[in-house]
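# Close look at the chain arrangement
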2 protein chains.
Amino acid sequence: MKEITEIQSVSFVGSGNVATHLAAAFKAENIRIVEVDCLHHDHAVDFAQRYNCRPVDRLQQLSAEVDLILLCVPDQQVSVVSGQISPGRAIVAHTSGIEPMNSISEHLPRKGVFYPLQTFSKNREVDFSVIPFCIEGDRKEISETLTTLAYRLSNRVVSVSSPERALLHLTAVMVNNFTNMLYGMASEILEKNHIDFSLLQPLILETALKIEEMKPFEAQTGPARRKDENTIRLHLELLKDFPHYQQLYQLITDRIIKKHHE
Amino acid sequence: MKEITEIQSVSFVGSGNVATHLAAAFKAENIRIVEVDCLHHDHAVDFAQRYNCRPVDRLQQLSAEVDLILLCVPDQQVSVVSGQISPGRAIVAHTSGIEPMNSISEHLPRKGVFYPLQTFSKNREVDFSVIPFCIEGDRKEISETLTTLAYRLSNRVVSVSSPERALLHLTAVMVNNFTNMLYGMASEILEKNHIDFSLLQPLILETALKIEEMKPFEAQTGPARRKDENTIRLHLELLKDFPHYQQLYQLITDRIIKKHHE
């Protein structure tokens, strides 16, 4: 079977945020979207109409002629879903941060990973050109082909092994999900006191931009960094109605103090 | 004594990041910088040269003719420092997030707060026009005068009481210092494994930008949001060499799960 060196056609399994944004980007690059299969057939029909492709009912019906089958399904489904795909010439790649490449079923001869390191939301536009793509392939030719494809969408493409990708996913959860939880905590406290959360937005943005120029360790400021026990005590008092947040405040503060003063 | 309705001249106490950035902004607005006093006289001399003003040795020497004396000193020093200023016509305002206005010594007849809600770093330029200024005055005329001054630097000026400002300061610590600590945690884990932290930067920026359009609660995604116990378990395993981070991971994850699933 001849190796595929250039992806000209793609089929999707899944039609969520990742699939939707990638499909739009592929379309803009004149990469043909052939088929889509989803757990819910009406989602597939929807997606098919939008990207002018064919909705299929069963994974076994995915065309044997497509270059790439992209699994945009929840992490835990990569293994089951890939197990139902008929082996063919297509590269089968998943887009998960945490799943090892080998979660893709053993019976498929060409496996890979095509993981865009970003958070995707339904109604927010995505500029793929700045999004790092983490690529893996079970053969050099496959990772090269996926790398070439990723470079059509983005300026930053890196070769990342499954264990490395798991660490990127873990830390992505920290800087995205956990950071957002801190925003939520702040917003809850301010709302309860009728103070406008948007007052914090310039600070939030500056915090994110600052570490493009300096390391987080150097960028650290604030009462814990200064070991300013007076302010820390005042803050903990202000949190007396939020015992869980008090605990979190104490834990993070302790870590910063340990890091910078021990 | 006639009320000051327009600030045309300012003296600084302190010459750190806040003083430096404010002085530059005042200068650009043709507001005269008259004097500076610091704990370290050579810092005062330095600052004086840069902003073409007079370094003074003792707080008592601050001119009686200046419109505004701005205290840019560590929070705990507001009270002591202001106690040494001779009462005069000047408004004396501090720039602290956490100190109540009344930390300014009782013997001074015109007190206020001029608090820019942002993190300032030595070598990063500041665009004051987008930074919210939180203003307080112990008389209506004083808060009006400080508000007018703030509007010369910024498009966003709000009247904020001392207790409200303390909550803004607390939540600023969360979204800035604590968020930066999460960045540091991610950077440490990746560096230890020779993975480039800058791969996370587009995600960090998007996380910050996203909440300009949606509430943090709605923007929440990730394994804890989905209650995806499999991924959470994998992440906790990856953190086995970082017990403190494991604890933090667990605590934040529990909060997100409680918030979204209970």
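Everything in this summary refers to the structure shown in the same document. (Residues numbered from 1 in each chain as written. Chains lettered and ligands numbered in written order. Predicted model: local features only at pLDDT ≥ 70, side-chain atom pairs only at ≥ 80, totals over all residues. Heavy atoms only, no water.)

## Some details on the overall build of chain A
Across its full length, chain A carries ten helices and eight strands. Across its three principal directions, the C-alpha atoms of chain A cover 70 × 40 × 30 Å. Across the 262 residues that make up chain A, the buried fraction comes to 57%. Here chain A holds 27 positive side-chain charges and 33 negative ones, and the gap between their average locations is 2 Å. (Helix = DSSP H or I, 4+ residues; strand = E, 2+ residues; numbered from the N terminus. Buried < 20%, exposed > 50% of the residue type's maximum accessible area, 1.4 Å probe, protein only. Lys, Arg positive; Asp, Glu negative; His and termini not counted. Charge placed at Lys NZ, Arg CZ, Asp CG, Glu CD.)

## Side note on the interface of chain A and chain B
In this complex, chain A contributes 86 residues to the contact, which on the side of chain B involves 86 residues. Roughly 8600 Å² of surface becomes buried between chain A and chain B when both sides are summed, with 67% attributable to carbon and sulfur atoms. Inspection of the chain A/chain B interface yields twelve salt bridges. Taken together, chain A and chain B are joined by 36 residue pairs in polar contact (both at pLDDT 80 or more). Examining the composition of the side of chain A that touches chain B, we find that 27 residues originate from one element, helix α5 (residues 162–192) of chain A, more than from any other. Among the residues forming the side of chain A that touches chain B, the class breakdown is 45 nonpolar, 25 polar and 16 charged. (Contact = heavy atoms within 4.5 Å. Buried area = accessible area lost by both parts, 1.4 Å probe. Salt bridge = Lys/Arg side-chain N within 4 Å of Asp/Glu carboxyl O. Polar contact = N/O pair within 3.5 Å; in protein donor to acceptor, adjacent residues only side chain to side chain. Nonpolar A, V, L, I, M, F, W, Y, C, P; charged D, E, K, R; others polar.)

## Considerations on unusual backbone geometry
Positive phi, normally seen in glycine, also occurs at A:Asn52, with a value near 55°. Looking at the element boundaries, A:Asn52 is found in the loop between α2 (41–51) and β3 (54–55). With a relative accessible area of 67%, A:Asn52 lands in the exposed category. One non-glycine residue with positive phi stands out, namely B:Asn30, at about 60°.

## Concerning the side chain of A:Thr119
In this structure, A:Thr119 sits in the loop between β6 (111–116) and β7 (133–137). Residue classification places A:Thr119 among the buried positions, given a relative accessible area of 8%.

## Describing the sheet that holds strand β4 (residues 68–71) of chain B
Residue and element names in this part refer to chain B. Taken in spatial order, the eight strands make up an open sheet running β3-β2-β1-β4-β5-β6-β7-β8, and their pairing is mixed. The outermost strands of the open sheet, each flanked by one partner alone, are β3 (54–56) and β8 (157–159). Shown here is a sheet whose adjacent strand axes are inclined to one another by a mean of 25°, direction ignored. In this structure, strand β5 (residues 91–94) lies alongside strand β6 (residues 111–116), joined through three bridges in parallel fashion. Counted as the bridge partner of Val92 is Lys111 from β6. Packing of helix α1 (residues 17–28) onto the sheet brings it into contact with β1 (9–13), β2 (32–37), β4, β6 and β7 (133–137), and relative to β1 it is tilted by some 170°. (Pairing = 2+ DSSP bridges. Axes fitted to C-alpha atoms, helices over the stretch in contact; angles between N-to-C directions.)

## Some points on the sheet that holds strand β4 (residues 68–71) of chain A
All names here are of chain A. Taken in spatial order, the eight strands of this open sheet run β3-β2-β1-β4-β5-β6-β7-β8, and their pairing is mixed. Each edge of the open sheet is held by one strand with a lone partner, namely β3 and β8 (157–159). Note: strand β2 (residues 32–37) against β3, two bridges, orientation parallel. The residue of β3 that forms the bridge with Glu35 is Arg54.

## Examining the side chain of B:Ser187
Tracing the backbone shows B:Ser187 in helix α5 (residues 162–192). For B:Ser187, the residues in contact, after removing those within four places along its chain, are A:Pro216 and B:Phe197.

## Details of the state of the cysteines
All names here are of chain A. Scanning the entire structure with this criterion turns up zero disulfides over all chains. Cys53 carries a free sulfur, and the closest cysteine sulfur to it, the one in Cys38, is 9.1 Å from it. Its relative accessible area of 13% is what places Cys53 among the buried residues. (Disulfide = S-S within 2.5 Å.)

## Digging into the relation of the copies chain A and chain B
If you rotate chain A by 180° and push it 0.0 Å along the axis, it lands on chain B with an RMSD of 0.0 Å. Such a turn and shift between the copies fits a two-fold axis. No C-alpha of chain A lies nearer the rotation axis than that of A:Thr179, which sits 2.8 Å from it. The fraction of interface residues of chain A whose copies in chain B are also interface residues reaches 100%, indicating that both copies meet through the same surface. (Least-squares fit on C-alpha atoms with pLDDT ≥ 70 in both.)

## A look at the environment of A:Gln61
All names here are of chain A. If you trace the backbone, Gln61 turns up in the loop between β3 and β4. Residue Gln61 is classed as partly exposed on the basis of its relative accessible area of 38%. Distance in space between the C-alpha atoms of Gln61 and Ile85 is 8.2 Å, their sequence separation being 24 residues. Each residue touching Gln61, except ones within four places of it in the same chain, is listed here: Glu35, Arg54 and Val56. At 3.1 Å, the side chain of Gln61 forms a polar contact with the backbone nitrogen of Asp57.

## Topic: the packing of α5(A) against helix α10 (residues 243–261) of chain A
All names here are of chain A. For the pair α5 and α10, interaxial distance at closest approach is 12 Å and the crossing angle is 130°. In terms of orientation, α5 and α10 fall into the oblique class. Of the two elements, α5 crosses α10, and the hand of that crossing is left-handed. Where α5 abuts α10, its residues Met181, Leu182, Met185, Glu188 and Ile189 lie against Tyr245, Leu248 and Ile252. (Parallel < 35°, antiparallel > 145°, perpendicular 65-115°, else oblique. Left-handed = near helix turned anticlockwise from the far one by under 90°.)

## A closer look at the packing of aromatic side chains
Scanning the model with the defined rule gives 18 aromatic pairs over all chains in all. Put simply, the rings of A:Phe12, A:Phe26, A:Phe47, A:Tyr51, A:Phe114, A:Phe120, A:Phe128 and A:Phe133 touch in pairs and so form one group of aromatic residues. (Phe/Tyr/Trp six-rings, centres within 6.5 Å; stacked < 30°, edge-to-face > 60°.)

These figures come from the coordinates and say nothing about function on their own.
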